[in-house]
Amino acid sequence: MSPLEFPGSWRPNQSSTVALYEQLRLRIIELADGGTLAVGSKLPAVRTLAEKLDVAPHTVARAYKELEAAGVVATRGRNGTVVCARDDRWSALAAVAASYSAAAKAQGASFAEAVQLLAAAYDAD
């Protein structure tokens, strides 16, 4: 998927309990981890993507900011926001996270419940 095609037909679910910025953040991670958004792919400008998705620019800006903090993308000023290379450790964790997510959904857990369980497991000694 080229930057001109991103986000394609995908749109955030306006009625979901998951925040719009979080849906966008997760979608970009999914595409980057799957190789659909290749390393070095330039993401659309905040305002451009906000218009395509029919969301506030702040929604896109927050998703980009959190993706940058996680090392998924890098913002290079006027040169835009690009997808960064990920290491093998990240890929392995992404696979486990996808498996956990599928299991949580199959059990009928909400996103918030799944995150709460993950946080509790992460903090357990």
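Looking at an unreviewed UniProt entry, the chain carries the name GntR family transcriptional regulator, with the source organism given as Arthrobacter ramosus.

(A) Local environment of the UniProt feature "domain: HTH gntR-type" (unreviewed entry) in the chain. Mapped onto this numbering, the UniProt entry annotates "domain: HTH gntR-type" (unreviewed entry) at residues 18-86. In this annotation, residues 18-86 is assigned 51% helix and 12% strand; the end-to-end C-alpha distance for the span is 25 Å.

(B) Molecular detail of the packing of aromatic side chains. The tally for this structure, following the rule as stated, stands at 0 aromatic pairs. A cation sits over an aromatic face here: Arg62 above Tyr21, 3.8 Å from the ring centre.

(C) Expanded view of helix 3 (residues 57-69). A rise of 1.5 Å per residue sets the reference length of helix 3, with its 13 residues, at 18 Å; its end C-alpha atoms lie 18 Å apart and thus fit the reference within 8%. Positive phi appears at Gly71, one or two residues downstream of helix 3, with a value of about 80 degrees.

(D) Representation of the packing of helix 2 (residues 46-53) against helix 3 in the model. For the pair helix 2 and helix 3, the least separation of the axes is 8 Å and the interaxial angle reads 120 degrees. Regarding the angle of helix 2 to helix 3, the classification is oblique. Handedness of the helix 2/helix 3 crossing: right-handed. Across from Val46, Arg47, Leu49 and Ala50 in helix 2, the residues of helix 3 making contact are Pro57, Val60, Ala61 and Tyr64. Residue classes in the contact of helix 2 with helix 3 are distributed as 7 nonpolar, no polar and 1 charged.

(E) Representation of the nonpolar core within the structure. One finds Phe6, Leu24, Ile28 and Leu43 to be the most contacted residues of the largest nonpolar core, which totals 21 residues. Mapped onto this core, the elements with two or more residues apiece are helix 1 (20-33), helix 2 and helix 3.

(F) Structural context of the environment of Arg86. Structurally, Arg86 can be placed in the loop between strand 3 (81-83) and helix 4 (88-106). Each C-alpha atom, one on Arg86 and one on Ala120, is 26 Å from the other, the two residues being 34 residues apart in sequence. Among residues more than four places away in sequence, those in contact with Arg86 are Asp33, Gly71 and Val72.

(G) Broad picture of the sheet that holds strand 2 (residues 73-75). Spatial ordering of the open sheet is given by 1-3-2, a layout of 3 strands whose pairing is antiparallel. This sheet does not close on itself; its edge strands, each paired only once, are strand 1 (42-43) and strand 2. Pairing of strand 1 with strand 3, which is carried by 2 bridges, proceeds in the antiparallel orientation. Residue Lys42 lies in a different strand from strand 3, and its bridge partner there is Val82. Seen against the sheet, helix 3 touches strand 1, strand 2 and strand 3 and runs at an angle of roughly 110 degrees to strand 2.

(H) Spotlight on the side chain of Thr59. Relative to the elements of secondary structure, Thr59 occurs in helix 3. Those residues in contact with Thr59 that lie beyond four places of it in its chain are Leu20 and Tyr21.

(I) Inspection of the confidence of the model for the chain at higher detail. Looking at the chain as a whole, its pLDDT mean stands at 89, while 94% of the residues score no less than 70. For the chain, the element scoring lowest by mean pLDDT is helix 4, at 82; helix 2 scores highest, at 96.

The rules behind the values
Residues numbered from 1 in each chain as written. Predicted model: local features only at pLDDT ≥ 70, side-chain atom pairs only at ≥ 80, totals over all residues. Heavy atoms only, no water. UniProt positions renumbered as here; feature names shortened; annotations may be inferred. Helix = DSSP H or I, 4+ residues; strand = E, 2+ residues; numbered from the N terminus. Phe/Tyr/Trp six-rings, centres within 6.5 Å; stacked < 30°, edge-to-face > 60°. Lys NZ or Arg CZ within 6 Å of the ring centre and 35° of its normal. Expected span 1.5 Å × (residues − 1). Axes fitted to C-alpha atoms, helices over the stretch in contact; angles between N-to-C directions. Parallel < 35°, antiparallel > 145°, perpendicular 65-115°, else oblique. Left-handed = near helix turned anticlockwise from the far one by under 90°. Contact = heavy atoms within 4.5 Å. Nonpolar A, V, L, I, M, F, W, Y, C, P; charged D, E, K, R; others polar. Core = buried A, V, L, I, M, F, W, Y, C linked by side-chain atoms within 4.5 Å. Buried < 20%, exposed > 50% of the residue type's maximum accessible area, 1.4 Å probe, protein only. Pairing = 2+ DSSP bridges. pLDDT = per-residue confidence, 0-100.

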